[in-house]
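Chain by chain, the residues:
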Amino acid sequence: MHLLKAALASGRRRAGLRCIRQVLVSICRQCSSGILPNEMIRNIGISAHIDSGKTTLTERVLYYTGRIAEMHEVKGKDGVGAVMDSMELERQRGITIQSAATYTVWKARNVNIIDTPGHVDFTIEVERALRVLDGAILVLCSVGGVQCQTMTVNRQMKRYNVPFLTFINKLDRLGANPYRALQQMRSKLNLNSAFVQIPIGLEGNLKGIIDLIEERAIYFDGQFGQNIRYDDIPAELRVEAADRRQELVECVANVDEQLGEMFLEEKVPTIDDLKAAIRRVTISRLFSPVLVGSALKNKGVQPLLDAALDYLPDPSEIPNFAIANQSDSDDKVKVLMDSKRDDSQPFVGLAFKLEAGKFGQLTYIRVYQGMLKKSENIYNTRTGKKIRVQRLVRLHADQMEDVEEAYAGDICALFGIDCASGDTFTSRSNGNISMESIHVPEPVISVAIKPVNKNDLDKFSKGIGRFTREDPTFRVTYDTESRETIVSGMGELHMEIYAQRLEREYNCPCLMGKPKVAFRETIAAPVPFEFTHKKQSGGSGQYGKVIGMLEPLEPENYTKLEFDDRTIGTNVPQQYIPAIQKGFHEACEKGPLTAHRISGVRFVLEDGANHMVDSNEISFIRAGEGAVKQAMEKTSLMILEPIMSVEVVAPNEFLGIVIGGINRRHGVITDQDGAEGYVTLYADVPLNDMFGYASELRSCTEGKGEYTMDYSRYQPCLPSVQEELVNKYLEATGQLPAKKGKVKN
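Not measured: the values here are computed from a predicted model. Residue indices begin from 1 for each chain and proceed along its sequence in written order. At least 70 in pLDDT is required for a residue's local features to be given in this predicted model, at least 80 for side-chain atom pairs to be given and counted, and no such filter applies to totals for whole chains, interfaces and linings, which use all residues. Working from all heavy atoms in the structure, the side-chain values ignore hydrogens and water.

**Some points on the overall build of the protein chain**
This is how the line gets drawn: Where helices and strands are cited, they refer to DSSP runs of H or I of at least four residues and of E of at least two residues respectively, numbered from the N terminus. For every residue, the accessible area obtained with a 1.4 Å probe (protein chains only) is divided by the maximum for its type, and the residue is called buried under 20%, exposed over 50%, and partly exposed between those limits. Contacts: residue pairs with any heavy atoms within 4.5 Å of one another. Accessible surface area values rest on a Shrake-Rupley calculation with a 1.4 Å probe, where residue burial reflects the displayed protein chains alone.
Scanning the protein chain from N- to C-terminus turns up 18 helices and 38 strands. Expressed as a percentage of the 745 residues in the protein chain, the buried residues total 53%. Long-range contacts, defined here as pairs at least 24 residues apart, represent 71% of the contacts in the protein chain between residues at least 6 apart. Carbon and sulfur atoms form 49% of the exposed surface of the protein chain, whose accessible area is close to 33900 Å².

So, in structure tokens, the structure goes:
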């Protein structure tokens, strides 16, 4: 291993010998298989708000660790794009859509890295990554500081108890202020944080960084910052460095007993004491060390890698629990996973991400216990199915490397396995345990989608089926009433990306639009009917007569249809009563006003008449239909619309804007409560007015507002809405001339 380190060091000094570096990494990789202890492994994720520089940072990490031979920018002029943005759509838009996994070797330690998206629309990717990682790097932009998605990521890290370092990036940008970013971390995220590095200069004058623990300046020389030079702290920054180091010691001493005792005894902690204390409090989530740099300008990345090894936990330091599924009791019994890297314990792994590759479905698995070996059998605890491990690979973005086995703490992938995201695999058929599942947020937006060409329906259904398997936040339903496919997701960008992927990957261009709302028609007051259906055409004809009343139902039963038989005697024979009921239901399929369904109506049959020869079942079906149509023509009709119960959560300062937005959408606020600087509004809003609310709420609350909605009830719509719907229907059917400037549907 000493020889390898020496060779790696010389390989870094001589940037021309890139091939040697690649060979050495692969040797390191081979000797690591099964031999590397837990202390030599790190599983880390890189998470942040949009455009904080996560993918650029990952690109630099891979370059400095010898994983890639040259660097490319996310939106570079060479048109190559970053390695981790392997999807063409990601390179074109310059954003990360899917989290990408890779591994590398730094100072003889294995580092598994997952680069995650920053957009709120792809938040499930961050959830899945944090669920299986042991530590994370939270990247902040030194200009933007703590932004809305930073808060979401912080909440997710808290949910899964993930320790993290903070890296304040983009110190080269105009207006960079890392001190303000640290202040926001303390005030907005309530984090106990302090600098372990401070910058030498800012914006265009960024020269290097000062390591407060080792008390030295670090400079990054060479074309790509690959040569690290250590020097004394510049004279003008010595006082600030001493103050910041004292602040760091105080912040750590407040939450660490051993350093606290040294601090009270006024002993000066050594470098090793301080590093050990920072590691202890970072792993227990009581402190987050703050590092600085600029990934784009190649400054501060190598010290960040050192800090990830020094302060983030290895797989054995994070306790992972599985839940024992006991059929005879409701109590959840937690089982601690054994992190030893051998096959002494049965294998337990979690499938946290699915992806359809060119060789079939790719399933990402985090091994929590035991060993997973190629050509072994494993069992899915949810379905009980036995699965053979045909091929086991490690991933580097979209490239794969075959391995023979994976041990506890490793992240690997399997091919051709039929499973769902969040399934648990074990090596024993009776291993009735499951890892704690991943939190899946509810979709917030729905749109109607259909292929442009009807011949592409097969491709369309294939693509939609694959996307729903891969992404639990992407839901698909078929509305039988409007005969539309409705897709639901986390935002308009989410929907747009999937529509573009259908076109690119399946050659199936799609149309997306506002989904049709399921309006209903009903009557305003009871109306009597007396209808005779008579048809004579040589031989036996048709005859059926019905007399009765059509009544409106109570508001809570607006979605129902009722049939009440009050006939006495044999004027209407009993065998024809179901036929009349069938005719009533058929007539209610299409209302006279806007062709929406009729509901909230009771059909009361009081009397009628029949004919010895001409009466039959079809006669009374037609009589029932005719009676409904006759009654509808004689009374005033109302259109009913679905009302949704909406729950909006937003910071207190945006309360007025949010209330104004709900009022503009004809909503009625029913309740309000607040806690910890956030207010929750409960309102009833018509579904027809809710389209596009997700984007509006995010834009007016700086991305901090969220909402959920559920169906509540039907109620009569406003007269202006009813008139607009009727006119649209008449224009569409050609009964009314279309207005100028509007195209007929």
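Still more ground to cover, so stick around.
**Things to note about the environment of Val105**
Tracing the backbone through its elements, the reader meets Val105 in strand 2 (residues 100–106). Once the C-alpha coordinates of Val105 and Arg67 are considered, the two residues, 38 residues apart in sequence, prove to be 8.0 Å apart.

**Concerning the pattern of salt bridges**
For clarity, the threshold we go by: A carboxyl oxygen of Asp or Glu within 4 Å of a side-chain nitrogen of Lys or Arg is what we treat as a salt bridge.
Enumeration over the complete set of coordinates arrives at 28 salt bridges. Arg665 is paired through a salt bridge with Glu696; the nearest N and O atoms lie 2.6 Å apart. Residue Arg665 is located in the loop between helix 16 (655–664) and strand 36 (668–675), and its partner Glu696 is located in helix 17 (residues 693–700); the two are separated by 31 residues in the primary sequence. Relative accessible area serves as the criterion here: at 13%, Arg665 is assigned to the buried category. One continuous salt-bridge network, built from bridges that share partners, spans Arg186, Glu240, Arg244 and Glu247.

**A word on the packing of helix 3 (residues 54–64) against helix 11 (residues 301–311)**
Pairs of packed helices are described in terms of their axes, by the angle between the two and the distance that separates them. Heads up, the condition is: To define axes, lines are fitted to C-alpha atoms, for helices over the stretch in contact only, and angles between the resulting N-to-C directions are given on a 0 to 180 degree scale. Roughly parallel refers to an angle under 35 degrees, roughly antiparallel to one over 145, roughly perpendicular to one between 65 and 115, and oblique to any angle outside these ranges.
Helix 11 packs onto helix 3 with a crossing angle of 85 degrees between their chain directions and a minimal axis gap of 10 Å. Between helix 3 and helix 11, the crossing angle belongs to the class labelled roughly perpendicular. Counted together, Leu57, Arg60, Val61 and Tyr64 of helix 3 and Val301, Gln302, Leu304 and Leu305 of helix 11 form the full contact between these two elements.

**Brief notes about empty space enclosed by the protein**
For the record, the criterion: Using only the protein atoms, space was sampled on a 1 Å grid; points where a 1.4 Å probe fits but cannot get out form cavities, open sets with protein on both sides within 12 Å along at least five of seven lines form pockets, and lining residues are those with an atom within 4 Å of a point. Grid points are joined across faces, edges and corners, and a volume is the space filled by probe spheres set on the points. Gly is placed with the polar residues, together with every amino acid not listed as nonpolar (Ala, Val, Leu, Ile, Met, Phe, Trp, Tyr, Cys and Pro) or charged (Asp, Glu, Lys and Arg).
This structure, assessed with the given rule, holds 5 cavities of 30 Å³ or more. Considered as a void within the structure, the second largest cavity measures approximately 60 Å³ in volume. Lining the second largest cavity we find Ala101, Thr102, Tyr103, Asn112, Ile113, Ile114, Arg394, Leu395 and Ile411. Secondary structure elements with two or more residues in the lining of the second largest cavity: strand 2, strand 3 (109–115) and strand 19 (392–396). Of the residues that constitute the lining of the second largest cavity, the class distribution is 6 nonpolar, 2 polar and 1 charged.

**Describing helix 11**
The element helix 11 is extensively covered by neighbouring structure, given that 10 of its 11 residues are classed as buried. Listing the buried residues of helix 11 in full gives Val301, Gln302, Pro303, Leu304, Leu305, Asp306, Ala307, Ala308, Leu309 and Tyr311.

**Digging into the packing of aromatic side chains**
Note the threshold: Side-chain rings of Phe, Tyr and Trp, where Trp is taken by its six-membered ring, are said to pair if the distance between their centres is within 6.5 Å; with planes under 30 degrees apart they count as stacked, over 60 as edge-to-face, and otherwise as tilted.
Applying the stated criterion across every chain yields a total of 12 aromatic pairs. Here Phe467 and Tyr498 contribute two aromatic rings whose centre-to-centre distance is 4.8 Å and whose plane-to-plane angle is 40 degrees, an arrangement assigned as tilted. Here Phe467 is found in helix 12 (residues 457–470), whereas its partner Tyr498 is found in helix 13 (residues 492–506), with 31 residues between them in sequence. In this structure Tyr498 comes out as buried when scored by relative accessible area, which is 8%. Joined through ring pairs, the aromatic side chains of Phe467, Phe474, Tyr498 and Tyr506 make up one cluster.

**Observations regarding the sheet that holds strand 9 (residues 216–221)**
Rules: At least two DSSP bridges between two strands are needed for those strands to be called paired.
Strands sit in the order 7-8-9-10 across an open sheet of 4 strands; the sheet is antiparallel. Unpaired on one side and paired on the other, strand 7 (197–200) and strand 10 (227–231) mark the two borders of the sheet. Shown here is a sheet whose adjacent strand axes are inclined to one another by a mean of 30 degrees, direction ignored. As paired strands, strand 8 (residues 208–211) and strand 9 are joined by 4 bridges and run antiparallel to one another. Bridging across to strand 9, Asp211 finds its partner in Arg216. Its contacts with the sheet put helix 11 on strand 7, strand 8, strand 9 and strand 10, and the angle it makes with strand 9 is roughly 125 degrees.

**Some words on the nonpolar core**
Threshold: Here, nonpolar core means buried Ala, Val, Leu, Ile, Met, Phe, Trp, Tyr and Cys residues that are tied together by side-chain atoms lying within 4.5 Å of each other.
Counting residues in hydrophobic clusters, the biggest one holds 57 residues, and the most contacted among them are Met157, Ile168, Phe195 and Ile210. If we ignore the near neighbours within four places in the chain, the residues touching Phe195 are Ile168, Pro178, Tyr179, Leu182, Leu212, Arg244, Leu248, Val290 and Val292. Judged by nonpolar contacts, the second largest core, of 41 residues, contains Tyr64, Ile137, Val281 and Ala295.

**Remarks on the confidence of the model for the protein chain**
Quick reminder of the rule: Known as pLDDT, the predictor's confidence for each residue is given on a scale from 0 to 100.
For the protein chain, the mean per-residue pLDDT works out to 79, and 85% of the residues sit at or above 70. Averaged over each element, pLDDT in the protein chain is lowest for helix 2 (residues 18–32) (38) and highest for strand 11 (residues 288–292) (91). Counting contacts from residues 1–34, a segment whose pLDDT is below 50, to residues more than four positions away or on other chains yields 35 contacts. Counting contacts from residues 741–745, a segment whose pLDDT is below 50, to residues more than four positions away or on other chains yields 2 contacts.

**Observations regarding the packing of helix 14 (residues 577–587) against helix 15 (residues 617–634)**
Note the cut-off: Working rule for handedness: look at the near helix, and if it is turned counterclockwise from the far one by less than a right angle, call the crossing left-handed; if clockwise, right-handed.
In the contact formed by helix 14 and helix 15, the axes pass within 7 Å of each other and the chain directions differ by 45 degrees. With respect to their mutual orientation, helix 14 and helix 15 come out oblique. For the element pair helix 14 and helix 15, the recorded crossing hand is right-handed. Judged by residue contacts, Ala579, Ile580, Lys582, Gly583, Phe584, Glu586 and Ala587 of helix 14 engage Glu617, Phe620, Ile621, Arg622, Gly624, Glu625 and Val628 from helix 15. The residue makeup of the contact of helix 14 with helix 15, split by class, is 7 nonpolar, 2 polar and 5 charged.

**Topic: the sheet that holds strand 13 (residues 333–336)**
Across the sheet, which stays open at both edges, the 3 strands sit in the order 13-12-24 with antiparallel pairing between neighbours. Two strands in the sheet have a free side with no partner beyond their single neighbour: strand 13 and strand 24 (433–435). Taking the axes of each pair of neighbouring strands and ignoring which way they run, one obtains an average angle of 40 degrees across the sheet. Inspection of the sheet shows strand 12 (residues 321–324) paired to strand 13 by 4 bridges, in the antiparallel sense. Bridge pairing in strand 13 links Phe321 to Leu336.

**Quick look at helix 12**
This is how the line gets drawn: Helix span, as expected, comes to 1.5 Å for every residue beyond the first. Each C-beta atom gives one direction from the helix axis, and the arc is the one those directions make.
With 14 residues, helix 12 should reach 20 Å at 1.5 Å per residue; the first-to-last C-alpha distance of 20 Å fits that figure. The complete set of buried residues in helix 12 reads Phe460, Gly463, Ile464, Arg466, Phe467 and Glu470. Projection of helix 12 onto a plane perpendicular to its axis shows the buried side chains occupying an angular sector of 160 degrees, all on one side. Within helix 12, the exposed residues directed more than 90 degrees away from the buried face are Asp458 and Lys462.

**Remarks on the environment of Asn652**
Among the structural elements, Asn652 can be located in the loop between strand 35 (637–651) and helix 16. Note: C-alpha distance between Asn652 and Gly674 (22 residues apart in sequence) is 8.1 Å. Once you skip the residues sitting within four places of it in the chain, Asn652 turns out to touch Gly677, Tyr678 and Val679.

**What about the pairing of strand 22 (residues 411–415)?**
The two faces of a sheet get side chains in turn, since along a regular strand they alternate between them. Across the 5 residues of strand 22, 5 count as buried, placing the element largely inside the fold. Going residue by residue along strand 22, you find Ile411, Ala413 and Phe415 tucked away on one face and Cys412 and Leu414 tucked away on the opposite face as well. Judged from the 5 bridges that link them, strand 15 (residues 360–369) and strand 22 form a sheet pairing that is antiparallel. Its bridge partner being in strand 22, Tyr364 is matched across the sheet by Ala413.

**A few points about the environment of Thr55**
Inspection of the secondary structure puts Thr55 in helix 3. Spatially, the C-alpha atom of Thr55 lies 9.5 Å from that of Ala295, the residues being 240 residues apart in sequence.

**So, unusual backbone geometry**
Positioned with a positive phi, Asn161 is a non-glycine residue whose angle comes to about 55 degrees. Within the secondary structure, Asn161 is located in the loop between helix 6 (148–159) and strand 5 (164–169). Phi angles above zero are rare outside glycine, and Ala595 is one such case at about 70 degrees. Judged by relative accessible area, Ala595 falls into the partly exposed class, the value being 23%.

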